[in-house]
Amino acid sequence: MSYEIFALEDMLKEGLRQSLTANIEQGIFSIENIPEILLETPREKSHGDYATNLAMVLTKEAKMPPRKIAEALVKEFPKSDLIEGIDIAGPGFINFRVNPKWLFTLLDTIQAMGDRYGSSDFGQKEKIQIEFVSANPTGPMHMGNAKGGAIGDSLANLLKFAGYDVTKEFYINDAGNQVLKFGKSLEARFLELMGEPFVFPEGGYMGGDIKERMVEFLAEHDGKEYLSMDSDTRSSVFAQYALEKNIDKIKEDLKKFGITFDVWYRESSLHQSGKVSAVLDLLRDKDITYEKDGALWFKATDFGSEKDEVLVRANGIPTYFAADIAYHKDKFDRGFQEIIDIWGADHHGHIARMKGAMDAIGCNGDNLIVIIMQLVRLMRGGEVVRMSKRTGKSISLIDLVDEVGKDAARFIFNMRSPEAHTDFDMELVVKQTNENPV
């Protein structure tokens, strides 16, 4: 037996249950149901290490004075070399004194279990999925991704340590408008490198990584053959090339940050497999959709949301919300009993409608747990460092790891609640002074 603190308390409770059962069998007193057995730590050390009021709890049903019940319980309590003494105090408190050698058996347990000491089977292998980071693969990961990664990976480690069957998942946003814009941004840089006239797309990605990807592409391909392609085909080819490069880089950078994922799930696979269409049909069949202005709407207000939501636009293209419903249904279909998502603060309004959508399709919305994390403010020497991903002046996750190290970064992100804003001072976190919380 492992004589940890909780195991010791369990042993005392089990001993009291055995004693109670023995007294009932001998006819000393009669009760129908064994009540919850509570232990507490006495205020006065002279009263022992643990105490229970079980005798007083039994008085009414047993029809005996509590002290007489306490005497009967002590008499039948199983012998143990870890219990140095048992006393009865006051009206019927039972006080236990633990043999100090218990401390030495605890040291043996710690040594035997090594870095598994403190782990448990509390989770009973319940299947939990944690989806976190899920950065758009259109560029380098930023500080928000770093915070989400640190929170999600630490939570996964804790749940595994507590006996849960945990799957860590990264959702790859490789479909939708942002990928089209990504392809057009790459196409503009391609034309620029080829010396051709170009117009940069409005709201396009202006980071230096876009040009780097096209330089790499032209090192591997003859650019001239792509000049004759139509714009949509060309930009699609560039997007697919760059997405795979970026996904590989995301995996590499996350590994340096101490994170590996069990599953990399592509948004595009939802559409290709027909799962988005299937969930739309399911919602229609349940009569919780309607058409308005040429679009298909979900009756979200029937499930706790403030307003109804578009599922399919007037142009026939499903919204991100529709894909998200299909994705979360797929999570439950894979057998996960609880799903944990870690989202940025800008997704706060998405929680109610996603939980409502899960209820609508027959999945329990309460089993979708969303952790909202607040923004990170990057500091250097007390000054705010302005970041803009689109202008290419951002500090990426890998910049952070290279400058301050993964352990220091993960510590800072987990110092406070995810809902708290994080001031990350890159100079302070590497100082060898008491000012540095690390």
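Refer to the structure above for everything that follows.
Notes on the structure follow. (Residues numbered from 1 in each chain as written. Predicted model: local features only at pLDDT ≥ 70, side-chain atom pairs only at ≥ 80, totals over all residues. Heavy atoms only, no water.)

A cluster of nonpolar side chains, namely Leu 103, Phe 104, Leu 107 and Ile 110, defines an oily patch on the protein surface of about 400 Å² accessible area. Relative to the helices and strands, Leu 107 resides in helix α4 (residues 101–113). (Patch = residues over 30% accessible without salt bridge, like charges linked within 9 Å, V, L, I, M, F, W, Y side chains within 5 Å. Areas by Shrake-Rupley, 256 points an atom, 1.4 Å probe, with all protein chains shown as cover. Salt bridge = Lys/Arg side-chain N within 4 Å of Asp/Glu carboxyl O. Helix = DSSP H or I, 4+ residues; strand = E, 2+ residues; numbered from the N terminus.)

Another aspect to go through is helix α12 (residues 320–333). Here α12 spans 20 Å end to end across 14 residues, near enough to the 20 Å set by a 1.5 Å rise per residue. Turning to α12, its buried residues number three or more, namely Phe 321, Ala 322, Ala 323, Asp 324, Ile 325, Ala 326, Tyr 327, His 328, Asp 330, Lys 331 and Phe 332. Immediately downstream of α12, the backbone of Gly 335 shows phi near 95°, a positive value. (Expected span 1.5 Å × (residues − 1). Buried < 20%, exposed > 50% of the residue type's maximum accessible area, 1.4 Å probe, protein only.)

This part covers the nonpolar core. Nonpolar side chains in soluble globular proteins tend to be buried together. Counting residues in each nonpolar core, the largest one holds 42 residues, and the members touching the most others are Ile 130, Leu 254, Phe 257, Leu 400, Phe 413 and Phe 424. Ranked by residues supplied to this core, first place goes to helix α5 (residues 143–161) with six residues. If we ignore the near neighbours within four places in the chain, the residues touching Phe 413 are Met 143, Ala 146, Lys 147, Ala 150, Ile 151, Phe 257, Val 376, Leu 400, Thr 422 and Phe 424. Membership of the second largest hydrophobic core comes to 33 residues, among which are Leu 280, Leu 296, Ile 339 and Leu 368. (Core = buried A, V, L, I, M, F, W, Y, C linked by side-chain atoms within 4.5 Å. Contact = heavy atoms within 4.5 Å.)

Where empty space is left in the structure can be found by rolling a water-sized probe over the atoms. Here the structure, examined in full by the defined rule, presents one cavity of 30 Å³ or more. For the largest cavity, the calculated volume is near 30 Å³. Around the largest cavity sit Lys 147, Ile 412, Phe 413, Met 415, Arg 416, Ser 417, Pro 418 and Thr 422, which together line it. Each residue belonging to the lining of the largest cavity can be placed in one class, and the counts come to four nonpolar, two polar and two charged. (1 Å grid on protein atoms, 1.4 Å probe; cavity = no way out; pocket = protein on both sides within 12 Å on 5 of 7 lines; lining within 4 Å. Points joined across faces, edges and corners; volume = space filled by probe spheres on them. Nonpolar A, V, L, I, M, F, W, Y, C, P; charged D, E, K, R; others polar.)

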